[in-house]
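Coordinate analysis (summary)
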Amino acid sequence: MDNRNLSQYFKSIVDQDRCAVVICNTAHEIIYMNPAAVERYAKSGGAALVGQSLLDCHNAQSVEQIGKVVAWFAESTDHNRIYTFRNEKENKDVYMVALRDEDGTLIGYYEKHEYRDVETCMRYDFDNC
């Protein structure tokens, strides 16, 4: 395995995701937004949000919940994913996911959107999807 470029592989995985991915450190600073996130949050600043506090984008109740989740992540390396809400309008479930270093230390988190729509593309349709 070519470890010197491993980070490029992981970045490519995140960048190809159709769902918005906003990655934060444990100080709640937005450190990366994939292209889908930049587009989704364009009205709020898009790429200019990188370096800003995620907490500034949420109401007091959400800020409190985010703090509780991050504290829970820090309690145990077994605490890595938690369901946060259902968005019926977009037919998706939303989770917060812990990010850890090689030793299991919490280094950040991101929000994972899982859409529940049935795929409309035909399998292996190279021309239309």
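In what follows, the structure referred to is the one given above.
Residues numbered from 1 in each chain as written. Predicted model: local features only at pLDDT ≥ 70, side-chain atom pairs only at ≥ 80, totals over all residues. Heavy atoms only, no water.

**Concerning the overall build of the protein chain**
Stated formally: Numbering of helices and strands runs from the N terminus; a helix is a DSSP stretch of H or I covering at least four residues, while a strand is a stretch of E covering at least two. The contact criterion used throughout is that any non-hydrogen atoms of two residues lie within 4.5 Å. Here the open area of atoms and residues is found with the Shrake-Rupley method and a 1.4 Å probe, where only the protein chains shown may cover a residue. Within this scheme the basic residues Lys and Arg register as positive and the acidic residues Asp and Glu register as negative, but His and the chain ends are omitted. Where a charge lies is defined by one atom per residue type: Lys uses NZ, Arg uses CZ, Asp uses CG and Glu uses CD.
A count of helical and extended segments in the protein chain gives 3 helices and 5 strands. Taken from N to C terminus, the helices and strands of the protein chain fall in the order α-β-β-α-α-β-β-β. Taking the principal axes of the C-alpha coordinates as reference, the protein chain spans close to 45 × 40 × 30 Å. Long-range contacts, defined here as pairs at least 24 residues apart, represent 34% of the contacts in the protein chain between residues at least 6 apart. As presented, the protein chain carries roughly 9,100 Å² of accessible surface, and 51% of it is formed by carbon and sulfur atoms. A gap of 4 Å separates the mean positions of the 14 positive and 21 negative side-chain charges of the protein chain.

**A look at the pairing of strand 4 (residues 92-100)**
Within a regular beta strand, the side chains point alternately toward one face of the sheet and then the other, so they alternate between its two faces. To keep it simple, the criterion reads: When accessible area is computed with a 1.4 Å probe and restricted to protein chains, residues below 20% of their type maximum are described as buried, those above 50% as exposed, and intermediate ones as partly exposed. Strand pairing is assigned whenever DSSP detects at least two bridges linking the two strands.
The buried count for strand 4 comes to 7 of 9 residues, which makes it a mostly enclosed element. Examined bridge by bridge, strand 3 (residues 81-87) and strand 4 share 6 bridges and lie antiparallel to one another. Bridge pairing in strand 4 links arginine 86 to aspartate 93. Here strand 3 folds back onto strand 4, and the loop between the two strands holds 4 residues, one of which, asparagine 91, carries a positive phi near 50°. Judged from the 9 bridges that link them, strand 4 and strand 5 (residues 106-115) form a sheet pairing that is antiparallel. Paired with tyrosine 95 across the strands is lysine 112, a residue of strand 5. Connecting strand 4 to the next strand, strand 5, in antiparallel fashion are 5 residues, including glycine 104 with a positive phi near 90°.

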